[in-house]
Amino acid sequence: MHEALFYQQAGEGKVVCGLCHHRCHIAAGKRGICGVRENQDGRLISLVYGRLISQNIDPIEKKPMFHFLPGSRSLSIATVGCNFQCLHCQNYEISQFPHLHKGQISGVSCSPGSVVDEAVRSGCASISYTYVEPTIFYEFAYDCARLAKEKGIKNVFVSNGYMTGEVIHHLAPVLDGINIDLKAFSADFYQKICKARLEPVLDSIRLFHELGVLVEVTTLIIPGLNDGEEELRAIARFLRGVSADLPWHVSGFYPTYKMLDRPATPAATLEKAREIGLAEGLRFVYEGNVAGSGGEDTLCPGCGTLLIQRYSFSSRLVALRDGICDHCGLAPAGVWR
């Protein structure tokens, strides 16, 4: 058992979890929405500390992180559980595992030290906390991240951005990069599709950027739900208001889980979204997750020179040296070697 962080006792044996914006009020013997934090006699316990359901070595581009040590590998880890219930979750087998298996918790026991040692042994430049919402295994992720930092290994979250401000302030000193899913720009979408709210995600994007963490944003474009020009333009304008240098990944949807009634995203839709993002003043907009789509390369916003060429999940530095364009000397935002 591992006692959770960010909770308060609330009388009558209840606790209030402050990890994410659900701020669950949890009665004795019950769990929060994530299914992995349980009130045991007035103490909130993380049921997934050190219980990894997945551990893989991935190219960092798969997160996707395009402005973060391109061409490097990242040790990617996850437990079961999630604080969202997205109808189109591609990893629902593990994100919804406790809900699908009557509260069962699965995973292989490991320590923060063993995770970091594996990252070092395998030559990974970073550890990515991913596949499910990493905030729900925050205590383990934080202990790994703190130790990784001491060993010169960087840390990346792939997140829905629903953690509270106090968690962001606690995490930022050990976090180097984060990709946040901005799933739509509609409160109705978030409520119906994800069982969550939009505004906290926008606040997280702003705050992580203000605290100096490299932020990249992904929007999975679902035909008929969030692919309208007005909504895409609103997302681009919001991101431009935070920083024109925020990379925006517009990715293709494939039918899965409880959303089998929608077609896959056409490549033309991603091309349109990229054009909208660039027209609204974003310097880096990338298409992804659709075979044959273009728009994955990084061009210098100053002179247009090809800086990084990408194919699938591989990257090749063309005219970027030490984070500076070879031709005009501009330094694009990012974490470079």
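Before going into details, it helps to say that this report is about the structure given with it. No experiment lies behind these values; they were computed from the predicted model shown.

## Overview of the sheet that holds strand β13 (residues 177-181)
- Ordered by their spatial adjacency, 8 strands build an open sheet running β8-β9-β11-β12-β13-β14-β15-β16, and the pairing between neighbours is mixed. The sheet terminates laterally at β8 (54-59) and β16 (285-288), the two strands that pair on one side only. Taking the axes of each pair of neighbouring strands and ignoring which way they run, one obtains an average angle of 20° across the sheet.
- Pairing analysis gives 4 bridges linking strand β11 (residues 126-129) to strand β12 (residues 154-159), with the strands arranged parallel. Across the sheet, residue Ser126 finds its bridge partner in β12, namely Lys154.
- This element, helix α7 (residues 199-210), spans β13 and β14 (214-221) of the sheet and lies at about 160° to β13.

## Thoughts on the packing of aromatic side chains
- The final tally for this structure, using the stated rule, is 10 aromatic pairs.
- Note on Phe84 and Tyr190: the rings are 6.4 Å apart at their centroids and 85° apart in plane angle, and the pair reads as edge-to-face. Pair noted here: Phe84 is in the loop between β9 (73-78) and α1 (92-95) and Tyr190 is in helix α6 (residues 187-194), with a separation of 106 residues, a long-range link.
- For Phe84, a relative accessible area of 1% puts it in the buried group.
- Overall, Tyr190 belongs to the buried group, its relative accessible area being 0%.

## Thoughts on the environment of Ala244
- With respect to the element layout, Ala244 can be found in the loop between α8 (229-242) and β15 (248-252).
- When residues no more than four places from it in sequence are discounted, the contact partners of Ala244 are Gly281, Leu282, Arg283 and Phe284.

## Brief notes about empty space enclosed by the protein
- Tallying each qualifying case throughout the model produces 1 cavity of 30 Å³ or more.
- Computed from the structure, the largest cavity encloses a volume of approximately 110 Å³.
- Taken together, 14 residues line the largest cavity, and the ones lying closest to its centre are Cys17, Cys20, Cys24, Cys34 and Arg37.
- Among the residues making up the lining of the largest cavity, the classes are represented as 8 nonpolar, 4 polar and 2 charged.

## Quick notes on the sheet that holds strand β19 (residues 314-317)
- Across the sheet, which stays open at both edges, the 3 strands sit in the order β17-β18-β19 with antiparallel pairing between neighbours. Bordering the open sheet on either side are β17 (298-299) and β19, each of which pairs with just one other strand.
- Where β17 lies against strand β18 (residues 306-311), 2 bridges are found, and the strand directions are antiparallel. Considered in β18, the bridge of Thr298 is made with Ile308.

## Re the packing of α7 against α8
- Between α7 and α8, the least distance of the axes is 10 Å, while the angle of their chain directions is 25°. Overall, the two elements α7 and α8 adopt an arrangement that is roughly parallel. The handedness of the crossing between α7 and α8 is right-handed. Only Phe238, Leu239 and Val242 of α8 make contact with α7, whose side of the interface consists of Leu202, Ile205, Arg206 and His209.
- Its residues placed into classes, the contact of α7 with α8 shows 5 nonpolar, 1 polar and 1 charged.

## A closer look at the pattern of salt bridges
- Following the criterion strictly, the structure yields 17 salt bridges and no others.
- Its salt-bridge partner being Arg43, residue Glu3 comes within 3.5 Å of it at the nearest N-O pair. Taken together, the residues span a long stretch of sequence, with Glu3 in strand β1 (residues 2-3) and Arg43 in strand β6 (residues 43-46) at a distance of 40 residues.
- The residue Lys63 makes a salt bridge to Asp58 at a minimum N-O spacing of 3.0 Å.
- With a relative accessible area of 6%, Asp58 lands in the buried category.
- The structure contains a network of salt bridges with shared partners spanning Glu229, Arg233, Arg237 and Glu280.

## Regarding the nonpolar core
- Counting 90 residues, the largest nonpolar core has Leu182, Ile205, Phe208, Leu239 and Trp248 as the members making the most contacts within it.
- Among the elements that make up this core, the one with the highest residue count is helix α4 (residues 138-150) (7 residues).
- If we skip the residues at most four places from it in the chain, Phe208 touches Met163, Ile168, Leu171, Leu175, Ile178, Ile180, Val213 and Val215.

Criteria and thresholds
- Residues numbered from 1 in each chain as written.
- Predicted model: local features only at pLDDT ≥ 70, side-chain atom pairs only at ≥ 80, totals over all residues.
- Heavy atoms only, no water.
- Pairing = 2+ DSSP bridges.
- Helix = DSSP H or I, 4+ residues; strand = E, 2+ residues; numbered from the N terminus.
- Axes fitted to C-alpha atoms, helices over the stretch in contact; angles between N-to-C directions.
- Contact = heavy atoms within 4.5 Å.
- Phe/Tyr/Trp six-rings, centres within 6.5 Å; stacked < 30°, edge-to-face > 60°.
- Buried < 20%, exposed > 50% of the residue type's maximum accessible area, 1.4 Å probe, protein only.
- 1 Å grid on protein atoms, 1.4 Å probe; cavity = no way out; pocket = protein on both sides within 12 Å on 5 of 7 lines; lining within 4 Å.
- Points joined across faces, edges and corners; volume = space filled by probe spheres on them.
- Nonpolar A, V, L, I, M, F, W, Y, C, P; charged D, E, K, R; others polar.
- Parallel < 35°, antiparallel > 145°, perpendicular 65-115°, else oblique.
- Left-handed = near helix turned anticlockwise from the far one by under 90°.
- Salt bridge = Lys/Arg side-chain N within 4 Å of Asp/Glu carboxyl O.
- Core = buried A, V, L, I, M, F, W, Y, C linked by side-chain atoms within 4.5 Å.

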